[in-house]
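# An overview of the molecular structure
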Amino acid sequence: MHYSVVSTNKGVFTLQRVSRRSNQEIKRVLVDQPGMFKAYNKGMGGFDRMDQNVGAHRILIGSKKWLWLFFAFLADSALQNSWLPYRMSAANGRFSLDLLAFKRQVAIVYLKVFAAERNVPNFMSGRPPNKKRRVPDDLRKDGKYHYLENGPKRRRCIHSDKKTKIILWSVVVAVVVVRIAVEVVVIVVVVVVVVVVVVVVVVVVALVLTASLVVKVVSYSEYTV
């Protein structure tokens, strides 16, 4: 497929050799490129680069609402514009991320921050589990204005109301009672099994001794007769 281009800046024979991939030969080959494309690529930036990056990794969540396209474009543009300062920051030297990995990391951070945690008590220890950190390490250790604030004296669950403590202790008490009942049942079963085994062994030993004694008495009586 051939195209015709016109330029008022570059001449007709300002050609150069560039490497491009050939679908027919399935390899990279050298082709002629007009000088106007070289000048365009050299000055390419800003909106052109943003459109290229947004089009490469666009949000593909579909919706019937036509306003969703505007929202998705704003989110893609914001992430792309945030990725550019990240590339110039010191964090890029420690954790180098491309645009796709950067968008994935941002999504993971927001999922961790706003994720709903389950307040399920630990059945082994009878205590509720410690809460996971709701703020990722990237935000905790960035050294940006993390000052302590005075909070309420009474500590409570951040996801529930005042009744959380009562409900939680009720669950803990129920778990402890169930554990004690299970342990008592296990001990009773073990004791019964041990008693039954001892009784069976005693009965068997008594029968064996009785049988041997009877045999000896019979043999002795026959000998005396």
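What counts and what doesn't
Residue positions are given per chain, counting from 1 as you read along its sequence in written order. With the structure being a predicted model, the display of local features is reserved for residues of pLDDT at least 70 and the display and counting of side-chain atom pairs for 80 or more, all residues being used for whole-chain, interface and lining totals. Water and hydrogen atoms play no part in the side-chain values, which are based on all heavy atoms of the structure. The helix count covers DSSP runs of H or I at least four residues long, the strand count covers runs of E at least two residues long, and both are numbered beginning at the N terminus. For the exposure calls, accessible area comes from a 1.4 Å probe over protein chains only, and a residue counts as buried if that area is under 20% of its type's maximum, exposed if over 50%, partly exposed in between. The contact rule is simple, with two residues in contact once any of their heavy atoms fall within 4.5 Å. Working definition of accessibility: Shrake-Rupley area with a 1.4 Å probe, residue cover restricted to the visible protein chains. Any N or O atom pair separated by 3.5 Å or less is treated as a polar contact, with the protein-specific requirement of one donor-capable and one acceptor-capable atom, and with residues adjacent in sequence counted only for side-chain atom pairs. Strand pairing requires that DSSP identify at least two bridges connecting the strands. Salt bridges are defined by distance alone: a side-chain nitrogen of Lys or Arg within 4 Å of a carboxyl oxygen of Asp or Glu. By definition, pLDDT measures how confident the predictor is in each residue, and it falls between 0 and 100. Within this analysis, patches are made of residues with over 30% relative accessible area and no salt bridge. Like charges are joined at 9 Å or less; nonpolar side chains (Val, Leu, Ile, Met, Phe, Trp, Tyr) at 5 Å or less. Here the expected length of a helix is defined as 1.5 Å per residue gap, with one fewer gap than residues. Each Phe, Tyr or Trp ring, with Trp reduced to its six-membered ring, pairs with another whose centre is within 6.5 Å; inter-plane angles below 30 degrees give stacked pairs, above 60 give edge-to-face pairs, and intermediate values give tilted ones. Throughout, an axis means a line fitted to C-alpha atoms (over the contacting stretch in the case of helices), and angles, computed between N-to-C directions, take values from 0 to 180 degrees. Helix crossings get a hand from a simple test, with the near helix turned counterclockwise from the far one by less than a right angle marking a left-handed crossing and a clockwise turn marking a right-handed one. Here the nonpolar group is Ala, Val, Leu, Ile, Met, Phe, Trp, Tyr, Cys and Pro; Asp, Glu, Lys and Arg are the charged ones; every other residue, Gly included, is treated as polar.

### Side note on the overall build of the protein
Of the regular secondary structure elements, the protein holds seven helices and two strands. Along the protein, from the amino end to the carboxyl end, the secondary structure elements read β-β-α-α-α-α-α-α-α. Out of the 225 residues in the protein, the part that is buried amounts to 12%. Taking contacts inside the protein between residues at least 6 apart in sequence as the whole, the part at least 24 apart equals 36%. Carbon together with sulfur atoms contributes 65% to the accessible area of the protein, which is approximately 20000 Å² in total.

### Digging into the environment of Asn81
With respect to the secondary-structure elements, Asn81 resides in helix 3 (residues 67-88). Since its relative accessible area comes to 40%, Asn81 is described here as partly exposed. Counting along the chain gives 28 residues from Asn81 to Asn53, while the straight-line C-alpha distance between them is 10.0 Å. Polar contacts involving the side chain of Asn81 include one to the side chain of Gln80, which spans 2.9 Å.

### Some words on the pairing of strand 1 (residues 15-22)
The two faces of a sheet get side chains in turn, since along a regular strand they alternate between them. Bridge count for strand 1 against strand 2 (residues 27-34) is eight bridges, and the pairing is antiparallel. From the neighbouring strand, Val18 faces strand 2, where its bridge partner is Val31. Adjacent in sequence and paired antiparallel, strand 1 and strand 2 are bridged by four residues, among which Ile26 carries a positive phi angle near 55 degrees.

### Looking at unusual backbone geometry
In this model, Ile26 sits at a positive phi of 55 degrees, which is unusual for a non-glycine residue. Examined against the element boundaries, Ile26 turns out to sit in the loop between strand 1 and strand 2.

### As for the pattern of salt bridges
One pass over the full model with this rule turns up three salt bridges. Among the salt bridges present, the one from Arg17 reaches Asp32, with a minimum N-O distance of 2.8 Å. Of the two residues, Arg17 sits in strand 1 while Asp32 sits in strand 2, which places them 15 residues apart along the sequence. Residue Arg17 is classed as exposed on the basis of its relative accessible area, which comes to 52%. The salt bridge involving Glu25 is made with Lys27; its shortest N-O contact spans 4.0 Å.

### Description of the confidence of the model for the protein
Mean pLDDT over the protein works out to 75, with 67% of the residues at or above the 70 mark. Here helix 6 (residues 137-140) stands out as the least confident element of the protein, with mean pLDDT 64; helix 3 is the most confident, with 87. Confidence drops under a pLDDT of 50 for residues 128-132, and excluding neighbours within four residues, the segment shows 13 contacts in the predicted structure.

### Some points on the side chain of Ser77
For Ser77, the position within the fold is in helix 3. By relative accessible area, which is 9% here, Ser77 ends up buried. Once residues within four sequence positions are removed from consideration, Ser77 is found in contact with Met50 and Val54.

### Remarks on a nonpolar patch on the surface
A cluster of nonpolar side chains, Val176, Ile180, Val184, Val188, Val192, Val196, Val200, Val204 and Val208, forms an exposed patch at the surface whose accessible area comes to about 730 Å². Mapping Val204 onto the fold places it in helix 7 (residues 164-224). Residue classification places Val204 among the partly exposed positions, given a relative accessible area of 45%.

### Some points on helix 3
Here helix 3 is 22 residues long and its end C-alpha atoms lie 33 Å apart, about the 32 Å a rise of 1.5 Å per residue gives. What helix 3 keeps buried is the set Ala72, Asp76, Ser77, Leu79, Gln80, Trp83 and Tyr86.

### Description of the packing of aromatic side chains
Centre-to-centre distance and the angle between the planes together describe a pair of aromatic rings. Taken as a whole and assessed by the stated rule, the structure comprises three aromatic pairs. Here the aromatic rings of Trp66 and Phe70 are separated by 5.8 Å at their centres, their planes lie at 85 degrees, and the arrangement is edge-to-face. For the pair Trp66 and Phe70, one class covers both residues: exposed.

### Some points on the packing of helix 2 (residues 47-56) against helix 3
The interhelical angle for the contact between helix 2 and helix 3, taken along N-to-C directions, is 115 degrees, at an axis separation of 10 Å. Of the two possible hands of crossing, helix 2 and helix 3 adopt the one that is right-handed. Residues Met50, Asn53 and Val54 of helix 2 form the contact with helix 3, whose own contacting residues are Phe73, Asp76, Ser77, Gln80, Asn81 and Trp83. Looking at side-chain class alone, the contact of helix 2 with helix 3 contains four nonpolar, four polar and one charged residues.

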